Amino acid sequence: MKSFECKDIGVNCGWKCQAENEQEILRQVEEHGRKVHGMQQLDPELRDRIQSKIKDTQAA
Ligand SMILES: [Zn+2]
C-alpha cells in the first residue's frame, strides 16, 4: 500500500489517503485538491513533489 498526507508537502491540512499504487494516490490527491484547496489541476512540479512524498505502508 501507498500513503500520502497533505502536510508532507507543507500544506496545513490533516488529510491523508491510502491506495494500492501511486496512480490511485494521485487521483485521490487531485480530487481532494480540487474540493478542499481549490486547485483546478496538479501542475507537473506539484505532481513531482507529491510523488516524492508518497510512502510505502504496511497493509493493515
Ligand atoms: Zn489537504
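Above this text is the structure in question.
Trainee: Would you mind going over the overall build of the chain with me for this structure?
Mentor: Counting its regular elements, the chain contains two helices and three strands. Start at the N end of the chain and walk to the C end: the helices and strands fall as β-β-α-α-β. Whereas a compact globule of 60 residues would reach a radius of gyration of roughly 10 Å, the chain reaches 11 Å, a difference of no more than 12%. Reported as C-alpha extents along the three principal axes, the dimensions of the chain are approximately 30 × 20 × 15 Å. Counting every position in the chain, which comprises 60 residues, the buried fraction comes to 10%. In the chain, of all internal contacts separated by at least 6 residues, the share reaching a separation of at least 24 is 40%.

Trainee: Any chance you could explain the sheet that holds strand β1 (residues 2-5) here in plain terms?
Mentor: Strand pairing within a sheet occurs via backbone hydrogen bonds; the two strands may be parallel or antiparallel. Read across the open sheet, the three strands follow the order β2-β1-β3; overall the sheet is antiparallel. Of all the strands in the sheet, the pair left with one neighbour each is β2 (16-19) and β3 (55-56). Where β1 lies against β2, four bridges are found, and the strand directions are antiparallel. Each bridged residue has a counterpart across the sheet, and for Glu5 the counterpart in β2 is Lys16. Across the face of the sheet, helix α1 (residues 22-36) comes into contact with β1 and β2 while running at roughly 145° to β2.

Trainee: Mind showing me how you'd approach the environment of Trp15 here?
Mentor: Inspection of the secondary structure assignment puts Trp15 in the loop between β1 and β2. Separated by 21 residues in sequence, Trp15 and Val36 place their C-alpha atoms 9.7 Å apart.

Trainee: Whenever I open this one, α1 confuses me. Can you help?
Mentor: One turn of the α-helix equals 3.6 residues, which is why residues spaced by three or four share an orientation. Over its 15 residues, α1 runs 20 Å from end to end, which matches the ideal 21 Å to within 8%, given 1.5 Å per residue. Every buried residue of α1 is listed here: Ile25, Val29 and Gly33. Buried residues of α1 fall within an arc of 65° about the axis and therefore sit on the same side. In α1, the exposed positions that point more than 90 degrees away from the buried face belong to Gln23, Glu31 and Lys35. Tucked inside the fold, the buried residues of α1 contact β1, β2 and α2 (44-53). Immediately downstream of α1, the backbone of Gly38 shows phi near 65°, a positive value.

Calculation rules
Residues numbered from 1 in each chain as written. Predicted model: local features only at pLDDT ≥ 70, side-chain atom pairs only at ≥ 80, totals over all residues. Helix = DSSP H or I, 4+ residues; strand = E, 2+ residues; numbered from the N terminus. Rg over C-alpha atoms; globule rule 2.2 N^0.38 Å. Buried ≥ 20, exposed ≤ 12 C-beta atoms within 10 Å, placed from the backbone. Contact = placed C-beta atoms within 7 Å. Pairing = 2+ DSSP bridges. Axes fitted to C-alpha atoms, helices over the stretch in contact; angles between N-to-C directions. Expected span 1.5 Å × (residues − 1). Arc of directions from axis to C-beta.

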